[in-house]
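A structural walkthrough
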Number of protein chains: 2
Amino acid sequence: MIHLKKENVLDGYFTKHREQHLEELKQFLSIPSISSLSEHKKDMKDCASYLGNLMKEAGLEHITINETAGHPVVTGDWLHAEGKPTILVYGHYDVQPVDPLELWESDPFKAEVRENKLYARGSSDDKGQVFMHIKVIEAFLKEKGELPVNVKFLIEGEEEIGSVHLPEFVESNKENLAADLVLISDTALYAPGRPAVCYALRGLTGVQIDVRSASGDLHSGIYGGGIQNSIHALVELLASFHDKHGTIQVDGFYDKVRPITDDEKAAYAALDFDAEGAKKEAGVKELFGETDFSYLERTWARPTLEINGVYGGFSGEGIKTVIPATAGAKITCRLVPDQDPYEIVKQLRAHIEKHKPAGVDITITEFDKGKPFITPLEHPYIQAAGRSYETQYDAKTAYIRAGGSIPIVAAFDEILNTPVIMMGFGLSTENFHAPNEHFHLDNFDKGLRVVSDYFEEIANIEK
Amino acid sequence: MIHLKKENVLDGYFTKHREQHLEELKQFLSIPSISSLSEHKKDMKDCASYLGNLMKEAGLEHITINETAGHPVVTGDWLHAEGKPTILVYGHYDVQPVDPLELWESDPFKAEVRENKLYARGSSDDKGQVFMHIKVIEAFLKEKGELPVNVKFLIEGEEEIGSVHLPEFVESNKENLAADLVLISDTALYAPGRPAVCYALRGLTGVQIDVRSASGDLHSGIYGGGIQNSIHALVELLASFHDKHGTIQVDGFYDKVRPITDDEKAAYAALDFDAEGAKKEAGVKELFGETDFSYLERTWARPTLEINGVYGGFSGEGIKTVIPATAGAKITCRLVPDQDPYEIVKQLRAHIEKHKPAGVDITITEFDKGKPFITPLEHPYIQAAGRSYETQYDAKTAYIRAGGSIPIVAAFDEILNTPVIMMGFGLSTENFHAPNEHFHLDNFDKGLRVVSDYFEEIANIEK
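This write-up is about the structure you can find in this document. (Residues numbered from 1 in each chain as written. Chains lettered and ligands numbered in written order. Predicted model: local features only at pLDDT ≥ 70, side-chain atom pairs only at ≥ 80, totals over all residues. Heavy atoms only, no water.)

Examining the sheet that holds strand S18 (residues 438–440) of chain B
All names here are of chain B. Rules: Paired strands, as defined in this entry, are two strands with at least two bridges between them according to DSSP. Each helix is a run of DSSP H or I of at least 4 residues and each strand a run of E of at least 2, with the numbering of both proceeding from the N terminus. Axes here refer to lines fitted to C-alpha atoms; in helices the fit is confined to the stretch in contact. Angles between the N-to-C directions go from 0 to 180 degrees.
Strand order in the open sheet made by the three strands is S4-S5-S18, with antiparallel pairing throughout. Each having just a single partner strand, strand S4 (112–114) and S18 make up the two edges of the open sheet. For this sheet, the mean angle separating the axes of adjacent strands, direction not counted, is 25°. Summarising the sheet, S4 and strand S5 (residues 117–119) pair through three bridges and their orientation is antiparallel. Along S5, the bridge assignment pairs valine 113 with leucine 118.

Describing the pairing of strand S7 (residues 181–184) of chain A
Residues and elements named next belong to chain A. Stated precisely, the cut-off is as follows: The cut-offs for exposure are 20% and 50% of the maximum accessible area for each residue type, with area from a 1.4 Å probe on protein chains only; residues under the lower value are buried, those over the upper are exposed, and the others partly exposed.
Because side chains alternate across S7, one face comprises the buried residues Leu181 and Leu183, and the other comprises Val182 and Ile184, equally buried. When strand S3 (residues 86–92) meets S7, the two strands line up parallel, connected through four bridges. Within S7, the position partnered with isoleucine 87 by the bridge is leucine 181.

Topic: the relation of the copies chain B and chain A
How we decide: A least-squares fit on C-alpha atoms brings the copies together, and the residues used are those whose pLDDT is at least 70 in both copies. In this description, contact between two residues means that some pair of their heavy atoms is separated by no more than 4.5 Å.
In screw terms, the move from chain B to chain A is a rotation of 180° and a rise of 0.0 Å along the axis, fitting with an RMSD of 0.0 Å. Look at the turn and shift together and you get a two-fold axis relating the two. Of all interface residues in chain B, 100% are interface residues in chain A too; the two copies therefore contact each other through one and the same surface.

Side note on the interface of chain B and chain A
Threshold: Buried surface area refers to the total accessible area, computed with a probe of radius 1.4 Å, that the two partners give up upon joining, counted for both partners together. A carboxyl oxygen of Asp or Glu within 4 Å of a side-chain nitrogen of Lys or Arg is what we treat as a salt bridge. Whenever two N or O atoms come within 3.5 Å, that pair is a polar contact, provided that in protein one can donate a hydrogen and the other can accept it, and provided that, for residues adjacent in sequence, both atoms are side-chain atoms.
At the interface, 79 residues of chain B touch 79 residues of chain A. Taken as a group, Phe288, Ile319 and Lys320 of chain B account for 10% of the area that chain B buries against chain A, more than any other trio of residues on that side. At the boundary of chain B and chain A, one finds two salt bridges. Here lysine 285 of chain B ties to aspartate 361 of chain A by a salt bridge, and the two come within 2.7 Å at their closest N and O atoms. Our enumeration of links across chain B and chain A arrives at 50 residue pairs in polar contact (both at pLDDT 80 or more). Going through the elements one at a time, strand S10 (218–219), helix H7 (220–223), helix H8 (230–239), helix H10 (275–282), helix H11 (295–301), strand S11 (304–313), strand S12 (322–323) and strand S13 (326–335) of chain B are the ones with two or more residues in the side of chain B that touches chain A. Of the residues forming the side of chain B that touches chain A, the biggest block, 10 residues, is contributed by S11 of chain B. Where strand S11 (residues 304–313) of chain A meets S11 of chain B, five bridges bridge the pair, whose relative direction is antiparallel. Of the residues in S11 of chain B, the one forming a bridge with tyrosine 311 of chain A is tyrosine 311 of chain B.

Concerning the sheet that holds strand S4 (residues 112–114) of chain A
Residue and element names in this part refer to chain A. In space, the three strands of this open sheet follow the order S4-S5-S18, with antiparallel pairing throughout. Sheet topology places S4 and strand S18 (438–440) at the edges, where each strand pairs with a single neighbour. Looking at each pair of strands side by side, their axes are set apart by 25° on average, direction ignored.

Brief notes about helix H13 (residues 380–390) of chain B
Residues that lie three or four places apart on an α-helix share one face, since the helix turns once every 3.6 residues. Those residues of H13 of chain B that fall on the buried side of the exposure criterion are Tyr381, Ile382, Ala384, Ala385, Gly386, Ser388 and Tyr389 of chain B. The inward-facing, buried residues of H13 of chain B contact strand S7 (181–184), strand S8 (196–201), strand S16 (398–402), strand S17 (420–423) and helix H15 (441–459) of chain B.

Digging into empty space enclosed by the protein
Just so we agree on the cut-off: Using a 1 Å grid laid over the protein atoms alone, points where a 1.4 Å probe fits but cannot get out form a cavity; open sets with protein on both sides within 12 Å along at least 5 of 7 lines form a pocket; any residue with an atom within 4 Å of a point counts as lining. Grid points are joined across faces, edges and corners, and a volume is the space filled by probe spheres set on the points. Three classes are used: nonpolar for Ala, Val, Leu, Ile, Met, Phe, Trp, Tyr, Cys and Pro, charged for Asp, Glu, Lys and Arg, and polar for all others, with Gly counted as polar.
Taken as a whole, this structure holds four cavities of 30 Å³ or more when the rule is applied. Its boundaries defined by the atoms lining it, the largest cavity holds a volume of some 170 Å³. What lines the largest cavity is a set of 18 residues, and nearest its centre among them are His242, Gly246, Thr304 and Glu306 of chain A together with Gly225 of chain B. Its residues assigned to classes, the lining of the largest cavity comprises six nonpolar, eight polar and four charged.

Structural notes on the environment of glutamate 158 of chain A
Residue and element names in this part refer to chain A. Note that glutamate 158 resides in the loop between strand S6 (150–156) and helix H5 (166–172). A sequence separation of 63 residues divides glutamate 158 from glycine 221, and the C-alpha atoms of the two residues are 47 Å apart. Here glutamate 158 is in contact with Gly70, His71, Asp94, Ser163, Val164, His165 and Leu166, once residues within four sequence places are set aside. Only 2.9 Å separates the side chain of glutamate 158 from the side chain of histidine 165, close enough to count as a polar contact.

Structure below.
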């Protein structure tokens, strides 16, 4: 039973079709659309095609599966609300890899409801949230025969790999994509029952570092002490990136970081951050990081440099007395306004060159780049989003930043010159990017009503 | 064609049966006796059984497959040379793992001769060399009806995992194993064509370090900057083990190291070490290590701490923006006289405790321990070994140390109180412990004749 603070005009439709909608969503989630692994290229196509059909059946027009040099972009629109604002709905149908698979309690691609939570890869990030927007369109068109606003859909398949080809697509189609606002549901509530409008995101960049010390692995008895070990060189280099408090040691890394304003500091402090709850949620014994900043400041408004993976030598059962010839690491940085990903990669390269240990060759591979994003809190479309949330949730909307990256947000800002509104319905405990990803169906139900209310709110705002 | 400096009494026998011997050796090498991997437990038993048959057919008596808590020990003897010395021949039938398998040019367990080299896992280390001793026995008994000395064989299946159960076996059987000398062929020539008697070995110990920062992997956007990353903690800890020249930073690590004597320094200097050749052999651009010691000193008479493997987080294709909850490393130390492996492990534990980064739990798993070994150069059995080599090789025998470990050697010294003679026929370029292990058949042929000559030399030395 959903508690309604304000009657929603589509409530009956959503209630009546709930089971059918969930079945369709499970089908959508069953397609393993892992964008980062080349063996899933066909699944990506199948998923784009399934998505196109969902949009068509909802009543959207001009459905197009746009081929790119990477995975397809799915578009569609409904543009019959003359004189009304146009909302560009953005989301993504690609998902993260699922390893380690053995930690999943149910098949990541066979969605299962347990305790009113839907378990599957992509349930929360972001297929489940994209699906809600489609169902809002369907509900308006089936119940009212029209939408209160004009809408355009732009759903990509490369968000989890940095939206490699989307900026080019947006650039090439900027007239077709022109809108008054971009609406995205790919962020989380501030807490269970506490909605949040997100006004800033971190950017992303990264490099892979591969170290080679010899032409092949060598016996540690014969050569040990006489030559460099690729892992020794790697760990020496990797350890140079942070001090013991986690402060990044790359020259110039923090130079362009926009200082956190006093208003922001006050707003974050007012959120009554629950350190014990955060520790429990993360499964850690202590919080950790730069000593001069609070946890929320560190995770929202400060940049990071994380080693996401490290590999080299023997990792099987028992021991192997080998000097490994090669070792490597994958690193990504979360960036904040006004850091530039291209400049950061240059700084990383300079750092690696400066700290390069003796006796090795190093190869650097660059990963995707996404700019950080920030938009003013006072924008009417943002304020309206807060009001729509409050029709369904018994709590004040929090206006927050998010620590994650949606690389394309900065591109929308830059190319379309359009405000971006992030109204998310996930929860940070929902294990997106980890085993046992799930989506609370209570937020799915509320989200359908919040989004439909928002469409009506936007229709009433002067263009 | 083998160049004989001194006529060998068994030469005709070895020549006549060469093809048959090689076929038997290939069969022996076809059994994947990898002691460190539990899935090869049955192969270990099969290999012990095959070895026992080889020994029986050679004419050895009292063949026994001795069960242990680990892999079996194979024993046998021939004790009819009254009044003559007794040689205890030691070797091992277990081999190293074969990964990365894709780097092998032929199946590691399907021996293949290319350019008079026998390619297979174990061909050089140590099945091929054990096999030679068996064939020397066979040749004496078939051609002469007797041996010039008494012999006992002790061939174990756990050398590559630190001879875990052999010291206990030797202790329990010390009366049966009593001998005048222990003869081992598990070391390498000094250079192609240049034989070497080895008078000292390094010991071995090691630990696995497992670091945990959280109960599960976390999204780097949500948590990045707020909590510790297990890989960050691991690389900080691992980097603390060495300075940038490779000198080990563990407190007390070098305290018990026996200084290299002036005579030894002179002996090593006289070996005309070829730095360019060593670089080429190892496949490295530069040699590396403690600045106050020569390459030979570093690899023979100085201890090491090598990281043999490192693992944690995502290492697949592309990127995964995860904060890994767990990361780990495998470390082994090569030890020199008079370091004690148990004391070294205590020092490693103290170092890890002292340098433990914030925000993580660390689990330490201890690996096998083998003491370093040294024996006087002037012992008559060692001098005789040098002479026997020179019957087949056109070069002065070098008296050297070896950087590798044969953990049981120290145990023989300690438990049996018997001099140990290491006459190896491998070459350091033969990729033991790496892909494409091979054995030069020229040294196989010479080795048969050297060992048979040595048996006669020993028979003539007063007990």
